[in-house]
Amino acid sequence: MTSTRPATEANTTVVHVLPTHLRRLVLTGFMGAGKSTIGRILADRLHWDFLDLDAHLESRTNATIPQLFALHGEARFRRLESTALASALGRSNTVLALGGGTPEDLTNRLLLEQTPGTLTVFLDAPFPTLFDRCMLQDIGRPILEDPAAAQLRFEKRHPLYLRLAGITIETSELTPHQTVDSLLARLDTPPVAHP
Ligand code: S3P
């Protein structure tokens, strides 16, 4: 078992003990699932690094996601996304938030399934909830320009997210902090409390 640095809760220090083989936690789910928000909180609680795949891709290409779609088209964006994923999976002690479409690609799914020490977590919610959340955010998402097509993508991707994930959490009734609590509770060892 590896223990992470302690987080203080009230008068008790809680140490989250993770399985020793675990090197990275990967958050997947559709746009609006909360992957980046939850990923940051989770990384903070574990004292791990946080990496957002879209941001990683943007810094590697020096272009925003909407620019990549507009300049090169979705197919080229997906190839760049795959390369960025392979690079991101080289990191340890990292919470990685995928893009909503990352698991559509078979090579990406194989990378995620076959990279040792990698546990994928699916943040699930119904499409209308996700769509409403996205409408409240100021993030350029070319895929949402056609809502009906976005819903079809959601339906196509949902079984892929489910199959890929070792843990699925239904988030529609949870705050991001509650989602992190639920995930930590489901990792195989309960937190050890030191009075
Ligand atoms: C996409 C989701 C986006 C981003 C790109 C394409 C998708 O990431 O990768 O706009 O195909 O669902 P988020 O899920 O972080 O918004």
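Residues numbered from 1 in each chain as written. Predicted model: local features only at pLDDT ≥ 70, side-chain atom pairs only at ≥ 80, totals over all residues.

## Focus on the overall build of the protein chain
Consideration 1: What the protein chain contains, in helices and strands, is seven helices and ten strands.
Consideration 2: Put simply, the protein chain has 195 residues, and 32% of those count as buried.
Consideration 3: At a minimum sequence separation of 6, the contacts of the protein chain that also span at least 24 residues come to 75%. (Helix = DSSP H or I, 4+ residues; strand = E, 2+ residues; numbered from the N terminus. Buried ≥ 20, exposed ≤ 12 C-beta atoms within 10 Å, placed from the backbone. Contact = placed C-beta atoms within 7 Å.)

## Topic: the pairing of strand 8 (residues 118-124)
Consideration 1: With five of seven residues buried, strand 8 is to be regarded as a mostly interior element.
Consideration 2: In this structure, strand 5 (residues 24-28) lies alongside strand 8, joined through five bridges in parallel fashion. Counterpart to Leu27 in the pairing with strand 8 is Val121.
Consideration 3: As paired elements, strand 8 and strand 9 (residues 167-170) share four bridges and run parallel to each other. (Pairing = 2+ DSSP bridges.)

## What about the sheet that holds strand 7 (residues 94-97)?
Consideration 1: Reading across the sheet, the five strands line up as 6-7-5-8-9 and stay open at both edges, with parallel pairing between neighbours. Of all the strands in the sheet, the pair left with one neighbour each is strand 6 (49-52) and strand 9. Taken pair by pair, the neighbouring strands of this sheet meet at an average axis angle of 20°, ignoring direction.
Consideration 2: Where strand 6 and strand 7 come together, four bridges link them in parallel fashion. If you follow Phe50 over to strand 7, its bridge partner there is Val95. (Axes fitted to C-alpha atoms, helices over the stretch in contact; angles between N-to-C directions.)

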